[in-house]
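# Fold and contact review
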Amino acid sequence: MTDQIHFILNDRTVCTSQPTGVTVLDYLRLSEKLTGTKEGCKEGGCGACTVLLGELQGEKLVYKTFLSCLLPLGELSGKHLVTIEGLNREQLSPIQQALVDYGATQCGFCTPGIVMSLTGYLLASEKDIDRAEVKTALNNNLCRCTGYGAIKRAGSKLVQSLGNGEVHNLETWIDRGIVPEYFRYIPDRLQQLPQSILESENDKVSPKFVIAGGTDLYVQQGDILAESTVRLLNRSPQMKGISTDGDRLHIGALTTFAEFANHSAMIELIPYIQTYIQRIASHTIRQRATVGGNIITASPIGDISVMLLALNADLVLQAGDDIRNVPLREFFQGYKKTAKKSGEILTEIIIAIPPSATKFNSEKVSKRQYLDCAAVNSALSVAAPSANAIRCEGDTIREISISMGGVAPIPLFLKQTSNYLIGKRVNQEAIAGALPLLQGEISPIADIHGSASYKRLLARQLLIAHFTKLFPEFICLQDFYATN
Ligand SMILES: Cc1cc2nc3c(=O)[nH]c(=O)nc-3n(C[C@H](O)[C@H](O)[C@H](O)COP(=O)(O)OP(=O)(O)OC[C@H]3O[C@@H](n4cnc5c(N)ncnc54)[C@H](O)[C@@H]3O)c2cc1C
Ligand code: FES
Ligand code: FES
């Protein structure tokens, strides 16, 4: 038996038996001849291939934007796939009209992706729409000829004309012409879809590739995934979500970056997590890339891995009935080499919730502020019995964990530097004393992100930045420029 994937494509119910690992972009352009979805970079970086995917969550139909060049066909099962052709009518939608009115399209290559991103933003907005959010929604869409001024002006026009304090839902967006009339019947039609048959997901099949968000795998191996057996982890709901159990936080490996940053338990643990996460990838990628995928790729600059190292996370790995725990600090063994055994799946990440007075900071330096990988990134977690106790007991560091990426073949826990600082008071002398140890622990190499000496300089600056940000009452930048 072959795979049979049932879904709705625009206003048409579809069943395909194409391989699960084919990208939605190739399927749309090559099989369906829907060429409005453009192929640009095929690496998740340009947004020309943006589509909408609607999924029933209980009674509610929830739409999100996805990059079809990184999306496996099997993910469409039971869902509503919307392309630019599915939004087009005789009349332009208010989004399309705004882009025309403000001269926000020239060659037009990027325009379908921009329309899809703006439509996705509106469908996900239940309250007032907001200029800053419109900008975030577009941060994965590159335009090479119009210039962003006109696109931003079109976005502002939309905010003015649509952001009028009403409560929005799918019905109101249909009434306002943002999406066509046929969207009204999609919830019922999705409920009536036959169950997909994904033979390649069968336990007896040993897949060549395991796909979580696909945001790394499709960039690295996109060419061969279409012809390979793949297992889509997203079909395992038990590996999603975040929960607490006493003093431990359980993060399902399939938790996306966006879910990770928006969960109340994470915000309590890392109060500025939403600021930090804005610096990771783009809005669209963050809805898809998973925490588990960030760890398993073992990139030396993995932003989430670096944060989790500072929180001393534990990993739960499973192969069949065999389950084992591995501390994240022992997981990375060499460049893109890990302690994961063949056939093992990372199911969850566990963090022991630190005492409430623990402070956390994350830093990232990259060439562009947004949508760029780190040259060097770093996180620090520092514990004291209470905020006051830091002061009363002479600002003594009781526990500290510092991690750094981009300075070694693996995301690095800075063991010697961290150990040195335990028991020290937070002052210029202690940090200056830690700097030679830091330089001894790291071994950066020159690459596209910068020279080895530049990364050594960044490592120093980021260690200082952690302390000046977390303890401005004890230490400031000038302390270092005067003496170092
Ligand atoms: C445009 C763009 C920008 C990016 N920017 C950043 C950035 O700023 N910072 C950053 O850190 N990363 C960035 N990334 C990299 C990437 O998104 C992340 O590393 C992401 O976390 C990978 O997760 P995924 O779920 O998409 O993994 P996938 O691509 O699905 O999988 C990656 C690898 O891990 C394996 N795998 C995944 N999950 C599991 C599991 N649970 N158990 C066993 N094996 C598993 C897969 O088999 C595969 O080998 C960017 C990527 C793109 C395309
Ligand atoms: S083609 Fe560039 S993001 Fe998909
Ligand atoms: S209009 Fe030409 S790339 Fe945007």
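Residues numbered from 1 in each chain as written. Chains lettered and ligands numbered in written order. Predicted model: local features only at pLDDT ≥ 70, side-chain atom pairs only at ≥ 80, totals over all residues.

The next point concerns the packing of helix H2 (residues 94-101) against helix H5 (residues 148-162). It is at 8 Å that the axes of H2 and H5 come closest, and there the two elements cross at 135 degrees. Taken together, the axes of H2 and H5 lie oblique to each other. Like other packed secondary-structure pairs, H2 and H5 cross with a definite hand, here right-handed. Contacts between H2 and H5 involve Pro94, Ile95, Ala98, Leu99 and Asp101 from the former and Ala154, Lys157, Leu158, Ser161 and Leu162 from the latter. (Axes fitted to C-alpha atoms, helices over the stretch in contact; angles between N-to-C directions. Helix = DSSP H or I, 4+ residues; strand = E, 2+ residues; numbered from the N terminus. Parallel < 35°, antiparallel > 145°, perpendicular 65-115°, else oblique. Left-handed = near helix turned anticlockwise from the far one by under 90°. Contact = placed C-beta atoms within 7 Å.)

Turning our attention to the nonpolar core. In terms of nonpolar packing, the biggest core is built from 129 residues, with Val24, Leu81, Val376, Met404 and Ala459 touching the most fellow members. Sort the elements by how many residues they give to this core and helix H3 (residues 111-124) lands first, with seven residues. Every residue in contact with Val24, bar those within four places of it in the chain, is listed here: Val51, Ser68, Leu71, Leu73, Leu76 and Leu81. (Core = buried A, V, L, I, M, F, W, Y, C linked by C-beta atoms within 7 Å. Buried ≥ 20, exposed ≤ 12 C-beta atoms within 10 Å, placed from the backbone.)

Looking now at the sheet that holds strand E8 (residues 242-245). Taken in spatial order, the five strands make up an open sheet running E8-E9-E14-E10-E11, and their pairing is antiparallel. Edge strands, defined here as strands with exactly one partner in the open sheet, are E8 and strand E11 (322-327). Within this sheet the neighbouring strands show an average axis-to-axis angle of 25 degrees, counted without direction. Note that strand E10 (residues 314-319) and strand E14 (residues 345-352) share five bridges and pair antiparallel. (Pairing = 2+ DSSP bridges.)

Around ligand 1 there are 31 residues in total, and Gly44, Ala212, Gly213, Gly293 and Asn294 lie nearest to it. Listed by contribution, the elements that provide at least two residues to the shell around ligand 1 are strand E6 (209-211), helix H8 (217-225), helix H13 (291-296) and E14. Tallied by class, residues from the shell around ligand 1 come to 16 nonpolar, twelve polar and three charged. (Near = placed C-beta within 6 Å. Nonpolar A, V, L, I, M, F, W, Y, C, P; charged D, E, K, R; others polar.)

So, on to the environment of Met404. The residue Met404 is located in strand E17 (residues 399-405) in this model. Given 32 C-beta atoms within 10 Å, Met404 falls into the buried group. In sequence terms Met404 and Leu463 are 59 residues apart; their C-alpha atoms lie 9.3 Å from each other. Residues contacting Met404, with those up to four places away along its chain left out, are Val306, Val376, Ser378, Leu412, Leu414, Ile442 and Ala459.

Here the focus is the sheet that holds E17. Taken in spatial order, the four strands make up an open sheet running E15-E16-E17-E18, and their pairing is antiparallel. Two strands in the sheet have a free side with no partner beyond their single neighbour: strand E15 (359-365) and strand E18 (412-413). Two strands pair when backbone bridges link them, and E17 and E18 are joined in this way by two bridges, in the antiparallel orientation. Paired with Ser403 across the strands is Phe413, a residue of E18.

Turning next to H5. If you check H5, its first and last C-alpha atoms are 21 Å apart, about what 15 residues at 1.5 Å a residue would give, namely 21 Å. All buried positions along H5 are accounted for by Ile151, Ala154, Gly155, Leu158 and Leu162. End-on view of H5: buried residues confined to an arc of 100 degrees, all on one side of the axis. In H5, those exposed residues whose orientation departs by more than 90 degrees from the buried face are Gly149 and Gln160. Lining the buried residues of H5 we find H2, H3 and helix H4 (131-137). (Expected span 1.5 Å × (residues − 1). Arc of directions from axis to C-beta.)

Each assigned domain of the protein chain is listed with its residue range as follows: domain 1 (5-191) and domain 2 (237-483). The gap between the C-alpha centroids of domain 1 and domain 2 is 34 Å. Contacts between the two partners involve eleven residues from domain 1 and, on the opposite side, eight residues from domain 2. Of all the secondary-structure elements, those providing two or more residues to the side of domain 1 that touches domain 2 are strand E4 (60-67) and H4. (Domains from an automatic or database assignment.)

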